[in-house]
Amino acid sequence: MVLNGALIGCGFFAVNQLHAWQEIEGARIVALCDRDPERLAGAGRDFGIERQYADAEELFAKERLDFVDIATTLPSHRPLVELAARHRVPVICQKPFAATMADGRAMVAACEAAGVPLMVHENFRWQAPIRAVRQIIDSGRIGEVFWGRVSFRSAYDVFSGQPYLATGERFIIEDLGIHILDIARFLFGDATRLTARTRRVNPAIRGEDVATMLLDHESGVTSVVDCSYATRLAEEPFPQTLIEIDGSRGTLRLGQDFRMIVTDPAGSEVLNVAPSIRSWMQPPWHLIQESVFAIQQHWALCLTEGREPATSGRDNLKTLALVEAAYRSARFGDAVPLASI
Ligand code: NAD
Ligand code: 89V
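Thresholds, definitions, all that
Residues numbered from 1 in each chain as written. Chains lettered and ligands numbered in written order. Predicted model: local features only at pLDDT ≥ 70, side-chain atom pairs only at ≥ 80, totals over all residues. Heavy atoms only, no water. Near = heavy atom within 4 Å. Polar contact = N/O pair within 3.5 Å; in protein donor to acceptor, adjacent residues only side chain to side chain. Nonpolar A, V, L, I, M, F, W, Y, C, P; charged D, E, K, R; others polar. Helix = DSSP H or I, 4+ residues; strand = E, 2+ residues; numbered from the N terminus. Phe/Tyr/Trp six-rings, centres within 6.5 Å; stacked < 30°, edge-to-face > 60°. Buried < 20%, exposed > 50% of the residue type's maximum accessible area, 1.4 Å probe, protein only. Lys NZ or Arg CZ within 6 Å of the ring centre and 35° of its normal. Right-handed = clockwise from strand over helix to strand, strands pointing away. Pairing = 2+ DSSP bridges.

Right, let's get into the site of ligand 1. Near ligand 1 you find 25 residues, and of these Phe13, Asp34, Lys95, Asn123 and Tyr164 are the closest. Contacts to ligand 1 include Phe13, whose backbone N or O atom sits 2.8 Å from an oxygen atom. The residue inventory of the shell around ligand 1, partitioned by class, reads 8 nonpolar, 11 polar and 6 charged.

Set out below in structure tokens:
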């Protein structure tokens, strides 16, 4: 059986999703929707998809869909997810899932009431190096983890591809930090408390472009999550997330160029955890593009087998709560208990 899906939002990032859908086993995109006629026609032509809609209501009214993939920007996420729920169509929604916790909770409630699966396209935890890190933790090789750092520091010009990122009141935590906080959850478990400091270095943008966060995890791990788009380095690491983990028996260091060093009582081992490249992937984006393929394959499998996806809407509320806690802590200065979000 092949699942028939539609994609809404044919912009900058959707191209990756459309390439990946062409290679996913058990699912395909049969219709497209975008309110921008040029983008709609361009994606239709590039991917050979003839059924095209300028209006999402019309898409749902006319198509019989097994799922919908929402690749629009944040302001349209809630109305489109709720529209999918009203039509009882399982839904994938890009990150950031929601602008507020109230919106996110309402979206999860709408899908649960309609009985439709909901996955957030939170793909960073699907990157090959991140999965390799998690495997080492799970193997017990470095013992009980007590400290970690998850770090994304870069001077890459994200605004050329995504100009809207320069205009929002919120920037790096909401757009990028959300991925890095989700990785911290994926590796160390849920957090109980978060402290954050932010600043804006680039005068040409509106929001913060540097954030440093300290998390207390339920597992007892203390982690530092830091992100910056104001960090010029000898070798530009974009879009790599670098990781340091200390455990009771050893350590793990994920450095630039996908070089992972695992040290345990027997010594140190250097591993290459680079992602693979498919024909449509372009370095340095291949790291992200491969994770798009992985999360979409996961969705197709979960939908076929009736399983809850790893980054379900309900799961993603916990990542969204970290984002909210970070902005609250940066504003008021105090550590924020996650239970208060
Ligand atoms: P974009 O502005 O380039 O594209 C969005 C498209 O959606 C536009 O073509 C716009 O016309 C269309 N659109 C908006 N509202 C619509 C509506 N109600 N109905 C129909 N079409 C509508 O944005 P982008 O950079 O592609 O980002 C899209 C989303 O993907 C954002 O949420 C962004 O955060 C996310 N993103 C995720 C990753 C990742 O790695 N997961 C990377 C980049 C972007
Ligand atoms: O995930 C995102 O939306 C992107 C990027 C990975 C470049 O930060 O903005």
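What surrounds ligand 2 is the set Lys95, Phe124, Val158, Gln162, Leu165, Asp175, Leu176, His179, Tyr229, Phe238, Trp285 and Ile288. Contacts to ligand 2 include Lys95, whose side-chain N or O atom sits 2.5 Å from an oxygen atom. Ranked by residue count, the leading element in the shell around ligand 2 is helix H7 (residues 172-188), at 3 residues. Per-class residue counts for the shell around ligand 2 are 8 nonpolar, 2 polar and 2 charged.

Counted according to the given criterion, the structure contains 10 aromatic pairs. Between Trp21 and Phe67, the ring centres sit 5.0 Å apart and the planes meet at 40°, which makes this aromatic pair tilted. In this pair, Trp21 sits in helix H1 (residues 14-23) while Phe67 sits in strand S4 (residues 67-70), placing the two residues 46 residues apart along the sequence. By the burial criterion, Trp21 is buried, and Phe67 matches it. Three or more aromatic residues joined by ring pairs make a cluster, and in this case those are Phe12, Phe152, Tyr156, Phe159, Phe171, Tyr229, Phe238 and Trp285. Above the ring of Phe186, the side-chain terminus of Arg134 is found at 4.6 Å from the ring centroid. Positioned over the ring face of Tyr327 is Arg170, at 4.1 Å from the centre of the ring.

Bringing the pairing of strand S5 (residues 91-94) into the picture now. Every second residue of S5 is oriented toward a common face, with Val91 and Cys93 on one face and Ile92 and Gln94 on the other, all of them buried. Crossover S4 to S5 through helix H4 (residues 77-86) is right-handed. Note that S5 and strand S6 (residues 118-121) share 4 bridges and pair parallel. Counterpart to Gln94 in the pairing with S6 is His121. Handedness of the crossover joining S5 and S6 through helix H5 (residues 101-114): right-handed.

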